[in-house]
Amino acid sequence: MNGSAPGMWTWFYRLASPPSVYRTAGTLTPWLLTGAALAIGIGTLGGLKFAPPDYQQGDAFRIIYVHAPSAWLSLFAYTTMAVAGAIGLIWRIKVGHAVAAASAPIGASFTLSALVTGSLWGRPMWGTYWAWDPRLTSELILLFLYVGVMSLRSAFEDPGRGDRAAALLSIVGVVNVPIVHYSVVWWNSLHQGATVAKIGKPAMPVSMLWPLLCMFVGFMCFYGAVLCMRLRGEVLNRERQAAWVREAVNS
Amino acid sequence: MTTGGGFWSMGGYARFVWPCFAFAFGVLGWNAWSARRFHVEAKKRAVRALAMMGESR
């Protein structure tokens, strides 16, 4: 048992080494992009064409097919950023900070997408583009946190200090993730409750649910693909003068 | 299937549904473009750094 522990750590550190991460991310990217294109294509067609209209919201409910995956990714990308930042901070694994830096702009863009599509959905359903509702407000705070983390990282001349400060802020800000998710349960909210995440019983018929699941899978694959692409850039920026980079950029 | 009034009218909600899809797909497109550009720029910087290291030797 004790003998295997150092071996496991060696394997882990080797896997998280910059050349290994650069190579693995490059191999994964085309597969993830292909999966994303297929799942998003099928999900969009199913959501716009084949899913029946909602009995209350009519065809306006179809906005869920881009709004819910964007909102889910906004939380997932933040959690990834905070966990990766914590790994970088605690175990001093440089790639942890690189993953955190790569995840931030992607998460921020999907948070903006969730806010804009939610606002456009809110107008016909609630009669307003914006309300200071717990779900909407906490999602807006999430966008500010992303902007704060990105600004903090670039505010330091020493990249190492910038990474550590950004990791600390993202770890503190992760408290907002469950607040966003459970805001519709904890407080009175204009926003509808959980649709898919109800354990064992989604509040949707299968004919409406399958395109949404396709979109979730597609958005996750897309996130993985752009994370890998950005991560390769981050690793190169941080390891510019390492010996392995010569071989990597010439291949 | 979409309700009467045609696919493009989205049952009278076209001015909300289509901009949502356009914005979300715009975000996907921006992410793919900017991630690729970020990697390409990083590669160029690495090549320049390696060339400078070679010159200084």
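None of the values given here were measured: they were computed from a predicted structure.

Conventions used here
- Residues numbered from 1 in each chain as written.
- Chains lettered and ligands numbered in written order.
- Predicted model: local features only at pLDDT ≥ 70, side-chain atom pairs only at ≥ 80, totals over all residues.
- Helix = DSSP H or I, 4+ residues; strand = E, 2+ residues; numbered from the N terminus.
- Buried ≥ 20, exposed ≤ 12 C-beta atoms within 10 Å, placed from the backbone.
- Contact = placed C-beta atoms within 7 Å.
- Nonpolar A, V, L, I, M, F, W, Y, C, P; charged D, E, K, R; others polar.
- Core = buried A, V, L, I, M, F, W, Y, C linked by C-beta atoms within 7 Å.
- Axes fitted to C-alpha atoms, helices over the stretch in contact; angles between N-to-C directions.
- Parallel < 35°, antiparallel > 145°, perpendicular 65-115°, else oblique.
- Left-handed = near helix turned anticlockwise from the far one by under 90°.
- pLDDT = per-residue confidence, 0-100.

Draft legend 1. Spatial organisation of the overall build of chain B. A count of helical and extended segments in chain B gives 1 helix and 0 strands. Sorting the 57 residues of chain B into buried and exposed places 28% on the buried side.

Draft legend 2. Inspection of the interface of chain A and chain B at higher detail. On the chain B side, the residues contacting the 35 residues of chain A number 30 residues. Broken down by secondary-structure element, the contributors of at least two residues to the side of chain A that touches chain B are α2 (18–50), α3 (64–90), α4 (94–126), α8 (206–238) and α9 (243–250) of chain A. Among the residues making up the side of chain A that touches chain B, the classes are represented as 18 nonpolar, 9 polar and 8 charged.

Draft legend 3. Expanded view of the nonpolar core. Counting 75 residues, the largest nonpolar core has I63, F222 and L231 of chain A as the members making the most contacts within it. Elements that contribute at least two residues to this core include exactly α2, α3, α4, α5 (134–155), α6 (159–173) and α8 of chain A together with α1 (14–56) of chain B. Residues contacting F222 of chain A, with those up to four places away along its chain left out, are A36 and I40 of chain A together with L28 of chain B.

Draft legend 4. Up close: the packing of α3 of chain A against α6 of chain A. Residues and elements named next belong to chain A. The N-to-C vectors of α3 and α6 enclose an angle of 130 degrees; their axes lie 8 Å apart at closest approach. In terms of orientation, α3 lies oblique with respect to α6. The handedness of the crossing between α3 and α6 comes out as left-handed. Listed contacts from α6 to M81, A82, G85, A86, G88 and L89 of α3 are D163, R164, A166, A167, S170 and I171. Grouping the constituent residues of the contact of α3 with α6 by class yields 7 nonpolar, 3 polar and 2 charged.

Draft legend 5. Summary view of the confidence of the model for chain B. Mean pLDDT over chain B stands at 88; residues scoring 70 or higher make up 86%. At the level of chain-chain contacts, confidence expressed as ipTM amounts to 0.90, with global pTM at 0.91.

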